[in-house]
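# Working through the structure, step by step
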Amino acid sequence: MERMQSCITDSNSPNDDHWMTLDGPAMSGGGVKHAVHWFRRDLRLHDNASLLAAARQADNLRCVFLLDCQLERHQQHRYLAANKWRFLVDCLRDLDESLRRLGSRLFVVRGQPLEAFRRLLPLWGASHLSFEEDCTPLGRDRDSAVTKLAHELGVTVLRGCSQTLYSQQVLMQASGGELPLTFAKFHRLLLTVGSPPAPCPSLQDEAATLPPPPPPLTPQLHPGFHRGLSNSFSNNNKTSSSSNGNTCNAASFIDEDAFNLPTLGELGLDQDEANYQPTPVLIRGGETEALARLTRHMERRSWVATYGGKPRYQSQLLMPSGTCLSSHLAFGCLSPKLVYAQLTDLYRKIKGGSSAQPPPLHIYGELLWREYLYLTAHANPNFDRLEGNPMCLPIPWCRDQAAFGAWSTARTGVPWIDAIMTQIRLEGWAHPYCRYSAVAFLTRGHLFQNWEDGAKLFEQLLIDAEWPTNNGLWLWMSGSAFFQAFGCAYSPVIAGRKLDPQGDYIRHYLPQLARLPTRYLHEPWLAPPAVQEVAGCIIGRHYPAPMLPDLDEAAESCASRLRA
Ligand SMILES: Cc1cc2nc3c(=O)[nH]c(=O)nc-3n(C[C@H](O)[C@H](O)[C@H](O)COP(=O)(O)OP(=O)(O)OC[C@H]3O[C@@H](n4cnc5c(N)ncnc54)[C@H](O)[C@@H]3O)c2cc1C
């Protein structure tokens, strides 16, 4: 049977060092090597260096995903996060299917990382633990704690770096330890650093099968069983309850069925939510879908060729297209390095450029903004708040529950804003222009509410929410960091008319307004009573009256508070 290990001796195979960090002895020498690969935000088989290294070298490989504390948070905000959980389940299912095609499977462990690994690594007799680095401050702390635990247990850790295009250490070294405080400076830094490393080969391209998971755990078969069991449970009366309510006991770790994929019901979604029919609008998760979207993205060759041209405003632009990549990048079904590499190839094909001439950075567009926000957030644990965040201006925002509630539940009475918030709630996605509008209205534009609350809500609702990107864009769009000089006052009516001139977007998400004539759609409170009657939409009854009696006055009041 063709196996991964044949690749170790293949002189053509790229060197692991290029992508990898190794904490502990390499997988050489005698003894059976049991590797555990811990999937997190790298739910894919392509460009996954630590998985590749583990697969190349281990005798047995167990692929795990931990359903951790997020589960608890989800249960508190059950309805809000339904789209995200569906997306995650799609991703896990797709990953499991891909692994099964390679003779392996995904083991889903219910528990929190430290607690679960303290029990499982010895129980499974693991010699190696591999994972892709999480470069957010919280993720890094968790990974350090797990790495420390692994060392204590004598387990070697293999770490890859693929959440971003560049390793943040490399960028910080190149910048002399100074964070580039503007995007222009970041661009200049990238010019000195050069192109990011190429993605590493995909598992499927290397071999037809993976090292199999070890045989099911029994006291007779598994060498680590007695040691693991006694270490794990002696202090816990053989049972412990994790903070998410999942009971971790010896039996549940031995029963292989306990590692099955989660169901939507288990995640707290009710029957209707669980039985949803995917529509073209709801984005499906998983590496297979992500790669198909990437192909479609690249097929839009004109996108690259005409990049920099002004977009044509039409409501279709505001709907998720078949090429949206952000959710897949956020969950790691898609590697940013793969997107970068394919954009480079495409650019060269279109422009006929030689490899000696790297493409201009602007063709990578928003991918570099993502990179920039990851870099600015990487050493700032307070990036998501005003307090203790050196980047954030201390603007004296208000906290008014009623105002925040109206905005967050699409009851502001301003159709453009309510349509956006409805889309975000229903579909877990909105076009960047729409997100800008929602942020501006809540913060500097009209309501003057603290951006932290809006950012938290987006994090719960948006499938593509990434801690650095989401908080970075809230900081920016609220005028709290990066770029504060938002010249003219922001108007949700003008913005709505510009982006949705025919009102198709508003009609789609706010069907109660659908029969209003287009000229009143963005300001329905101006429609005469007879028009409202004919349209079947009485303002104040079928759709809220505007929460702000005078939008211009509110905008002016915000502007003067910001100037103060
Ligand atoms: C308040 C606010 C919060 C946001 N939060 C997120 C978030 O948590 N995660 C996220 O991926 N995007 C976020 N965005 C950016 C943007 O809205 C989405 O990335 C975009 O809607 C994705 O569409 P696309 O995949 O077609 O992007 P494309 O335009 O095709 O861009 C390619 C990729 O670049 C990244 N990207 C796109 N726009 C931006 C941007 N402005 N800044 C940084 N990276 C970007 C995404 O990963 C995206 O998939 C936010 C925007 C705003 C205004």
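Quick caveat, the model's predicted, so the values are computed rather than measured.

### As for the overall build of the protein
Helix and strand counts for the protein stand at 26 helices and eight strands. Buried residues in the protein amount to 56% of all 564 residues. The contacts in the protein between residues at least 6 apart in sequence include a share of 78% that link residues at least 24 apart. For the protein, the exposed surface amounts to about 24300 Å²; the carbon and sulfur share of it is 54%.

### Points about the state of the cysteines
Put plainly, a disulfide is one covalent bond tying together the sulfur atoms of two cysteines. The final tally for this structure, using the stated rule, is zero disulfides. In this structure Cys-558 is a free cysteine whose sulfur lies 8.3 Å from that of Cys-398, the closest cysteine sulfur available. A relative accessible area of 1% means that Cys-558 is categorised as buried.

### Here's the deal with the site of the ligand
Residues in contact with the ligand amount to 24 residues; listed here are only the nearest, Leu-325, Ser-326, Pro-432, Asp-464 and Glu-466. In this structure, Glu-366 approaches the ligand through a main-chain N or O atom, which is 3.4 Å from a nitrogen atom. Broken down by secondary-structure element, the contributors of at least two residues to the shell around the ligand are α14 (326–331), α16 (366–377), α19 (432–445) and α21 (467–477). At five residues, the largest contribution of residues to the shell around the ligand is made by α16.

### Notes on helix α7 (residues 183–193)
Listing the buried residues of α7 in full gives Phe-183, Phe-186, Leu-189 and Leu-190. Each buried residue of α7 sits inside an arc of 110 degrees when the element is viewed along its axis, so together they form one side. Exposed and facing more than 90 degrees away from the buried side of α7 are Arg-188, Leu-191 and Thr-192. In the segment just after α7, Gly-194 is the residue with positive phi, at about 90 degrees.

### Considering the nonpolar core
Grouped together as the largest cluster of nonpolar side chains are 130 residues, with contacts concentrated most on Phe-39, Trp-407 and Trp-416. Considering every element that reaches this core, the biggest residue donor is helix α3 (residues 82–101), with nine residues. In contact with Trp-416, other than residues within four places in its own chain, are Leu-318, Cys-434, Ser-437, Tyr-490, Pro-492, Ala-495, Gly-496, Leu-499, Asp-500, Tyr-505, Ile-506 and His-522. Trp-38, Leu-149, Ala-150 and Phe-259 belong to the second largest nonpolar core, which has 21 residues in total.

Scoring rules and cut-offs
Residues numbered from 1 in each chain as written. Predicted model: local features only at pLDDT ≥ 70, side-chain atom pairs only at ≥ 80, totals over all residues. Heavy atoms only, no water. Helix = DSSP H or I, 4+ residues; strand = E, 2+ residues; numbered from the N terminus. Buried < 20%, exposed > 50% of the residue type's maximum accessible area, 1.4 Å probe, protein only. Contact = heavy atoms within 4.5 Å. Areas by Shrake-Rupley, 256 points an atom, 1.4 Å probe, with all protein chains shown as cover. Disulfide = S-S within 2.5 Å. Near = heavy atom within 4 Å. Polar contact = N/O pair within 3.5 Å; in protein donor to acceptor, adjacent residues only side chain to side chain. Arc of directions from axis to C-beta. Core = buried A, V, L, I, M, F, W, Y, C linked by side-chain atoms within 4.5 Å.

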